[in-house]
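Close look at the chain arrangement
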Amino acid sequence: MIAEYLQNQISSHQVHETFYDNVRRLPPAHVLRLTRGALEVSRYWDPVPPGFAWASREEIARFDPLLEQAVRRCLSVGGDSIALSGGFDSVSVATLAAEQRRGQAPLHAVSLRFQGTVCDEGPAQVEVARALGMPQLLRTLDETLEGQSIVGAALRLSSASPSPVLSPWQSVYTGLFHSASRLGLGRLLMGTGGDDLLNVDGSYAADRLAALDLAALWRFCRACQRTSPFRASRIARGVFWDHAARPELLRLGGRVLRRVSPALLDRVRRRRHLRASPPWALPSNRDLAMLLEQRRQSAATVELARGERSYVATIRTLAQAPLLLIERDQSHAWARSVGFTFLYPYFDRDLVDLSLRIPPDELIAGGRHKAPLRRLIAARLPSVTMHAKKVDFIQALHDMLRPGRPERVAELRRTGHAGRARPRRRRPPRPLPGRLLRWAPFVLARGLAGAQHRSVAARPLRCVVHVRRSGGRRMTPPERDQVPREKGVVAWERPTLTLLGDVKDLIHASGKGSDQGESDPASPRKGRLIG
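Keep in mind the model is a prediction, meaning the values are calculated, not measured. (Residues numbered from 1 in each chain as written. Predicted model: local features only at pLDDT ≥ 70, side-chain atom pairs only at ≥ 80, totals over all residues. Heavy atoms only, no water.)

This part takes up the packing of helix α3 (residues 63-76) against helix α19 (residues 371-380). At a minimum axis distance of 11 Å, the contact between α3 and α19 shows a crossing angle of 80°. The orientation of α3 relative to α19 falls into the category roughly perpendicular. Residues Phe63, Asp64, Leu67 and Glu68 of α3 form the contact with α19, whose own contacting residues are Pro372, Leu373, Leu376 and Arg380. Partitioning the contact of α3 with α19 into residue classes produces five nonpolar, no polar and three charged. (Axes fitted to C-alpha atoms, helices over the stretch in contact; angles between N-to-C directions. Helix = DSSP H or I, 4+ residues; strand = E, 2+ residues; numbered from the N terminus. Parallel < 35°, antiparallel > 145°, perpendicular 65-115°, else oblique. Contact = heavy atoms within 4.5 Å. Nonpolar A, V, L, I, M, F, W, Y, C, P; charged D, E, K, R; others polar.)

Scanning the model with the defined rule gives 13 aromatic pairs in all. On the numbers, 5.6 Å between centres and 50° between planes, the contact of Phe177 with Trp334 is tilted. In this pair, Phe177 is assigned in helix α8 (residues 169-181) and Trp334 in helix α16 (residues 322-337), connecting sequence segments 157 residues apart. The class of Phe177 is buried, set by a relative accessible area of 1%. Grouped by ring-pair contacts, the aromatic residues Phe52, Trp54, Tyr204, Phe220 and Tyr311 constitute a single cluster. The ring of Phe230 is capped by Arg234, whose NZ or CZ atom sits 4.1 Å from the centre of that ring. A cation sits over an aromatic face here: Arg328 above Tyr344, 4.3 Å from the ring centre. (Phe/Tyr/Trp six-rings, centres within 6.5 Å; stacked < 30°, edge-to-face > 60°. Buried < 20%, exposed > 50% of the residue type's maximum accessible area, 1.4 Å probe, protein only. Lys NZ or Arg CZ within 6 Å of the ring centre and 35° of its normal.)

Quick look at the pairing of strand β5 (residues 136-140) now. When strand β4 (residues 108-113) meets β5, the two strands line up parallel, connected through five bridges. The residue of β5 that forms the bridge with Val110 is Leu137. Taken together, β4, helix α5 (residues 122-132) and β5 form a β-α-β motif whose crossover is right-handed. (Pairing = 2+ DSSP bridges. Right-handed = clockwise from strand over helix to strand, strands pointing away.)

As for its placement among the helices and strands, Glu308 is situated in the loop between α14 (286-297) and α15 (310-318). In terms of polar contacts, Glu308 uses its side chain to reach the backbone amide nitrogen of Gly51, at 3.0 Å. Reaching out from Glu308, the side chain makes a polar contact with the backbone nitrogen of Ala305 at a distance of 2.8 Å. With residues up to four places along the chain from it excluded, the contact list for Glu308 reads Pro49, Pro50, Gly51, Phe52, Glu303 and Arg316. (Polar contact = N/O pair within 3.5 Å; in protein donor to acceptor, adjacent residues only side chain to side chain.)

Take the sheet that holds strand β3 (residues 81-83) next. With respect to topology, five strands assemble into an open sheet ordered β5-β4-β3-β6-β7, the strand pairing being parallel. Looking along the sheet, the strands with just one partner apiece sit at the ends: β5 and β7 (341-343). The mean angle between the axes of side-by-side strands here comes to 25°, regardless of whether they run parallel or antiparallel.

Examined against the element boundaries, Ser163 turns out to sit in the loop between α7 (150-158) and α8. Accessibility expressed as a relative area gives 7% for Ser163, which makes it buried. Those residues within four positions of Ser163 in sequence are excluded, and the remaining contacts are Phe19, Ile326 and Gln330.

Moving on, we come to helix α13 (residues 262-276). Along an α-helix, a turn takes 3.6 residues, which lines up residues three or four apart on a common side. Under the 1.5 Å per step criterion, the end-to-end length of α13 is 21 Å for 15 residues, consistent within 8% with the ideal 21 Å. Residues Leu265, Val268, Arg269, Arg272 and His273 constitute the buried set of α13. Along the axis of α13, the buried positions cluster into a sector of 140°, meaning they face one direction only. Of the exposed residues in α13, the ones pointing more than 90 degrees away from its buried face are Ala263 and Arg275. Residues of α13 that are buried make contact with α12 (232-260) and α14. (Expected span 1.5 Å × (residues − 1). Arc of directions from axis to C-beta.)

For the rest of this paragraph, the subject is the packing of α3 against helix α4 (residues 88-100). Where α3 meets α4, the axes come as close as 9 Å, and the angle between the chain directions of the two elements is 70°. One way to sum up the angle between α3 and α4 is to call them roughly perpendicular. As for how α3 packs across α4, the hand of that crossing is right-handed. Across the interface between the two elements, Leu67, Glu68, Val71, Arg72 and Leu75 from α3 touch Ser92, Val93, Leu96, Ala97 and Gln100 from α4. (Left-handed = near helix turned anticlockwise from the far one by under 90°.)

Within the structure shown, the criterion is met by zero disulfides. Left without a disulfide partner, Cys224 is nearest to the cysteine sulfur of Cys221, which lies 6.8 Å away. Classification of Cys224 as buried rests on a relative accessible area of 1%. (Disulfide = S-S within 2.5 Å.)

Within the structure shown, the criterion is met by 25 salt bridges. Glu362 is paired through a salt bridge with Arg57; the nearest N and O atoms lie 3.3 Å apart. Remark: Arg57 occurs in helix α2 (residues 57-60) and Glu362 occurs in helix α18 (residues 360-363); sequence separation between them is 305 residues. Judged by its relative accessible area of 15%, Glu362 is buried. Note on Arg57: relative accessible area 64%, which makes it exposed. Across the salt bridge formed by Arg380 and Glu68, the nearest N and O atoms sit 2.6 Å from each other. A residue pair is termed long-range when its members are at least 10 positions apart, and Arg380 in helix α19 and Glu68 in helix α3 qualify at 312 residues. Judged by its relative accessible area of 28%, Arg380 falls in the partly exposed class. (Salt bridge = Lys/Arg side-chain N within 4 Å of Asp/Glu carboxyl O.)

Right, dumping it as structure tokens:
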């Protein structure tokens, strides 16, 4: 499991596994029975079983009451504070909690402000807390880190964590929660889970393309563009190519190759898997490499009923996603280390049972993601203007991991060097991967898509073809007509210059896991939409 973690590989085997020998996890919605000395693990609840029915409009109308019930359950066990980020997830929970605590002591809002960055939600956090009558603990990044680096603080957390620290934000929030603990707070409501349940996964685009429902595909793209902080062109490419056309081509290519040559399909998939991992993460031990390959091939597939496709597969695996389970284990240990108990209204069983069955077009009704939460806030907190788009925390994280970068940029601007075009250095030519073309020594493809190949393809044939036996000397046309074979080696060797060189990318037809993140910065799965 550690090797897979370093390779960033997610496997169904990890649902039950931990980072410790002989220590296994009991997944959510499972029961452990001991019968006659034998342990048995079985699942007792599945919100999206094969052949499930999408929620009707009458059921969708119960979303607000179910979220109210989830918040009430958290308050009934002593919830006294809320992590208020300024996004729709936490603001919705705060609004419902304030209504239920009317006439009683209000919850305490605990907020982290990314002051001086593009993701600063400080004004929105203050406005929401004031509108709901909540006292607020608001701290900036510098105040919570107290002079420490974000990496050093994360390393210190690792000593008490059951797994490698998934999120650098944990070290930032640790200081904030220590400050809240000194105020006597101990049970914190979180907005974690809203992104998982109420954002439409990108696999929906592939389903709409396969059904030739281009109108729905366009509506999904426009909803992503209106919600995401990234450029519209980047979102369009992500929807139409990365999440729609490419997965469908891979699926169709894999289906064809499975019929023609299953062994070749397996070989190509194995090669793609190796290329996807960084060189330093590839195991040098042959036994370990074989074990990882065996685990990859024996991973469980998602059971789908007739008519169910990629989006259903995504939401079906959500509750048992290995990364989510690791995150929950880690959050429990982290909460204990800072003296808190974290409460998650969005993971309430009744709410999850409904939210995962809400049709995707209902989640983007009105042209933006999280339509149920947007309607709730518009109706119950009309005095607050919410951000229409998600907040992008990527740049803030980069600045924290590179502490001298903002000052360096300011110095460049002050001296007038910022923005000047640097003279472009000519890069040395890179060797292209070669391949023996035994059957086509005179073929030279043109019309290449890759810019790195155009200059090579434009040369005469004699500048491209080399011969092994001459030590790399260019061959003349008369020498080309002779194809000597010495020791079983064909002399012809040239780079792969045809568009068919990319056909292998159409073969890998693996299922998509959930790419949804969390709007809560404390989560390692940082929230992002397509792009």
